[in-house]
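A structural walkthrough
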Amino acid sequence: MAAYLSMGEAHRRIGDYLSRVVSAISSSDGAALASLVAVSSAPGPTPLSDALAAFPDFPRLAGDRYPHLADLLVPLLRSIHSHSLHRFADAYSSFEKAASAFLQEFRNWETPWAMEAMHTVALEIRLLAEKADRELATTGKNPDKLQAAGSFLMKVFGALAVKGPKRIGALYVTCQLFKIYFRVTYMYYTGRLEVFNENFLVADQKLTYALMHCNPQSESNLRRILKFLIPVKLSIGVLPKRTLLERYNLLEYADFVTSLKRGDLRLLRQALDRHEDQFLKSGVYLVLEKLELQVYQRLVKKIHIIQRQKEPARAHQIKLDIVIKALKWLEIDMDVDEVECIMACLIYKNLIKGYFAHKSKVLVLSKQDPFPKLNGKPV
């Protein structure tokens, strides 16, 4: 273990690894070099990772001993060290720097002797990116490494897809690119399926993943994803900005956003009627229809705010007659029994905290946080 490793032994192990990398390059030994750049193959601590933990000055050691290959060796060691500590985002970032330096060297080599090592680099960049994105997602950060890996592999493809013996290596890189972009496509289609199954939290995760990893230049694909992601976001209380709707020509959702902000049930129903065929065809009609409860919550909240300004002492007591009048102003006729049923549903769904006084027909709101936020949870 690293805790029991002497500095001298750690220095020797790191030096031995560096010399083997340099020897593999100088002797054009592609197989040996491929094994040495395989960062993610070791499931646990290795003699080298233990040495890196025991000898923290390893970047200077690599840079001083082999300055002409420092751009490759230093980040490669950092990547191995970070990976052994399960810091996958750091491991990916360092490996991408090492891979870029390797690609530069590879361009200068006249023969394809290092093709096996290049294939390993292409594989590692994808595997490390997947691990990094899982780590970033669990910590609430933007999982953008797989997208970066795709961009890097396009550079590798450009270096290989030229006339000459190196061209045959482009096929392997293409396969890695397919695995990256197929994963995005898979997340999109399974995310759509979860929308139809009303598993909105899972749909949100999958469609968000597809959006974050989609090629930012493919606006048509981004629009396809957002077409389903926006209704899912609305169902969990996340409202898109109008600029987003305008950019991707998704203004059919604009009135839903407005109705949720205003508590305007009439506007919501008009939007559903206006785009009914479109929403039924795409399968999001029922998702949007269920937004009514959120709109009712917002309406009651606005009544509460107005009443608090007029009668602060009685702000937490809302008579059903007032709700009925507000709905009538929106050209929606409901009797007291219907409104009472809706208020009971809002309380049951935890959109309103309080209780209903049936005898006096009064909704009594909690004095603390009477209108809980969804916080990413579906109604």
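Residues numbered from 1 in each chain as written. Predicted model: local features only at pLDDT ≥ 70, side-chain atom pairs only at ≥ 80, totals over all residues. Heavy atoms only, no water.

If you check an unreviewed UniProt entry, the chain appears there as PCI domain-containing protein from Urochloa decumbens.

In this structure's numbering, the residues bearing the UniProt feature "domain: PCI" (unreviewed entry) are residues 184-370. Taken end to end, residues 184-370 is 66% helix and 6% strand, and its first and last C-alpha atoms sit 40 Å apart. (UniProt positions renumbered as here; feature names shortened; annotations may be inferred. Helix = DSSP H or I, 4+ residues; strand = E, 2+ residues; numbered from the N terminus.)

To continue, consider the packing of helix H17 (residues 292-310) against helix H19 (residues 336-348). Each pair of packed helices gets described by two things: the angle between the helix axes and the distance between those axes. One way to put it is that H17 packs onto H19 with a least axis distance of 10 Å and a crossing angle of 100°. In terms of axis orientation, H17 runs roughly perpendicular to H19. Contacts between H17 and H19 pair Leu 293, Tyr 296, Gln 297 and Val 300 from the former with Ile 342, Met 343, Cys 345 and Leu 346 from the latter. Of the residues contributing to the contact of H17 with H19, the split by class is seven nonpolar, one polar and no charged. (Axes fitted to C-alpha atoms, helices over the stretch in contact; angles between N-to-C directions. Parallel < 35°, antiparallel > 145°, perpendicular 65-115°, else oblique. Contact = heavy atoms within 4.5 Å. Nonpolar A, V, L, I, M, F, W, Y, C, P; charged D, E, K, R; others polar.)

Another point: helix H18 (residues 320-329). Residues of H18 that are buried: Leu 320, Val 323, Ile 324, Ala 326 and Leu 327. Around the axis of H18, the buried residues are gathered within 160° of arc, so they sit on the same side. Away from its buried face, by an angle of more than 90 degrees, H18 presents the exposed residues Lys 325, Lys 328 and Trp 329. Buried positions along H18 lie against helix H14 (265-274), H17, strand S1 (317-319), H19 and strand S2 (354-357). A positive backbone phi angle near 65° is found at Glu 331, which sits one or two residues after H18. (Buried < 20%, exposed > 50% of the residue type's maximum accessible area, 1.4 Å probe, protein only. Arc of directions from axis to C-beta.)

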